[in-house]
Amino acid sequence: MVFQVPGHILNLGKRMKISGINASPKGKESKTLELVESVLRGSESMGADTEYLDLYQYTIQYCTACGTCYAKGECTLFDDFPALLEKMLDADGIVLGSPNYINSVSAPMKAMFDRMADAIHCQMFRKKFGCSVCTAGGSSEDAVVAYMNDVLETLGATVVGGVGVAIGRDPSKMEPAKAEAYELGKKLVKSMRWATYVRLSTWPSTHKYGYLVVSNFCKACLASISPHCRRSSRDSLGILGWA
């Protein structure tokens, strides 16, 4: 079933912010960059603010599995990851992009994922929306897109789709893929605004902003929120139908 978003909803609420993360080492020559930028341009056409993040410009060390993030909400490694995570947490939507590296993402993207154990445990991406794009030389681009989208869902985000393209034998496929990515960016913003509309319109006016306070309870781990849990300050508000 296809739901048509009413026109007045498309301009509902605050300006959405979309962060696009590219994990290609090729800089401005990156084909994955072209897809990520196409998604961002589509989002901009719907009135969203966008930010592009080149993952290869960040120093992200490998997770050591020390468990400190679970115990104290801190990481023992000193690098650029905390600043990168804050940018993602500040965004309403996340776009992930990576070339196919042996049927998976590139090393910096995987290193970023591995450092997000605390974000997964505390479901820090709840109420965020996301999508993924991938370029490949030969095949398995859709499998890489599915993997990145699965990570977004594991973090708590709602996934709206993805675009994968194999251009090794047929470079002409790139332009249709960019057009598809542009439409994906529009869909990303529409989905977020529709969720905002549903959230605000289905709650009684006595609930400020359509939220219901759920005090001192973490739905991610079904336990009391410990003092370090960043979700307690960001997401201790439950939403009917979106919790």
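The preceding data block contains the structure.
Residues numbered from 1 in each chain as written. Predicted model: local features only at pLDDT ≥ 70, side-chain atom pairs only at ≥ 80, totals over all residues. Heavy atoms only, no water.

Student: Would you mind going over the environment of Leu188 with me for this structure?
Tutor: Structurally, Leu188 can be placed in helix α7 (residues 174-201). The residues contacting Leu188, other than those within four sequence positions of it, are Ile18, Ser43, Val95, Phe129, Gly130, Cys131 and Val160. (Helix = DSSP H or I, 4+ residues; strand = E, 2+ residues; numbered from the N terminus. Contact = heavy atoms within 4.5 Å.)

Student: Is there a simple way to think about the packing of aromatic side chains in this case?
Tutor: Any two aromatic rings considered together are summarised by their centre-to-centre distance and by the angle between their planes. Taken as a whole, this structure holds one aromatic pair when the rule is applied. Pairing Phe113 with Tyr147 gives two aromatic rings, centres 5.8 Å apart and planes at 70°, and the pair type is edge-to-face. Taken together, the positions of Phe113 in helix α4 (residues 107-114) and Tyr147 in helix α6 (residues 141-154) put the pair 34 residues apart, joining distant regions of the chain. Judged by relative accessible area, which is 8%, Phe113 ranks as buried. Exposure remark for Tyr147: the relative accessible area of 27% places this residue in the partly exposed category. (Phe/Tyr/Trp six-rings, centres within 6.5 Å; stacked < 30°, edge-to-face > 60°. Buried < 20%, exposed > 50% of the residue type's maximum accessible area, 1.4 Å probe, protein only.)

Student: What is the right way to look at the sheet that holds strand β4 (residues 129-136) in this model?
Tutor: Strand pairs in the sheet, formed through backbone hydrogen bonds, run parallel or antiparallel to each other. Spatially, β2-β1-β3-β4-β5 is the arrangement adopted by the five strands of the open sheet, whose pairing is parallel. Each edge of the sheet is formed by a strand with only one pairing partner; in this case those strands are β2 (49-54) and β5 (158-166). Going from strand to strand, the sheet's axes swing by 15° on average, the running direction of each strand aside. Judged from the seven bridges that link them, strand β3 (residues 93-99) and β4 form a sheet pairing that is parallel. Following the sheet pairing, Ser98 is matched in β4 by Cys134. Its contacts with the sheet place α6 against β3, β4 and β5, and it is angled at close to 155° to β4. (Pairing = 2+ DSSP bridges. Axes fitted to C-alpha atoms, helices over the stretch in contact; angles between N-to-C directions.)

Student: What is the right way to read α6 from this model?
Tutor: Owing to its 3.6 residues per turn, the α-helix aligns residues three or four sequence positions apart on the same side. Taking 1.5 Å per residue as the helical rise, α6 with its 14 residues ought to reach 20 Å, and the 20 Å between its terminal C-alpha atoms agrees with that figure. Every buried residue of α6 is listed here: Glu141, Val144, Val145, Met148, Asn149, Val151 and Leu152. Down the axis of α6, the smallest arc covering the buried residues is 150°, so these residues share one side. Looking at the buried side of α6, the elements it contacts are β3, α4, β4 and β5. (Expected span 1.5 Å × (residues − 1). Arc of directions from axis to C-beta.)

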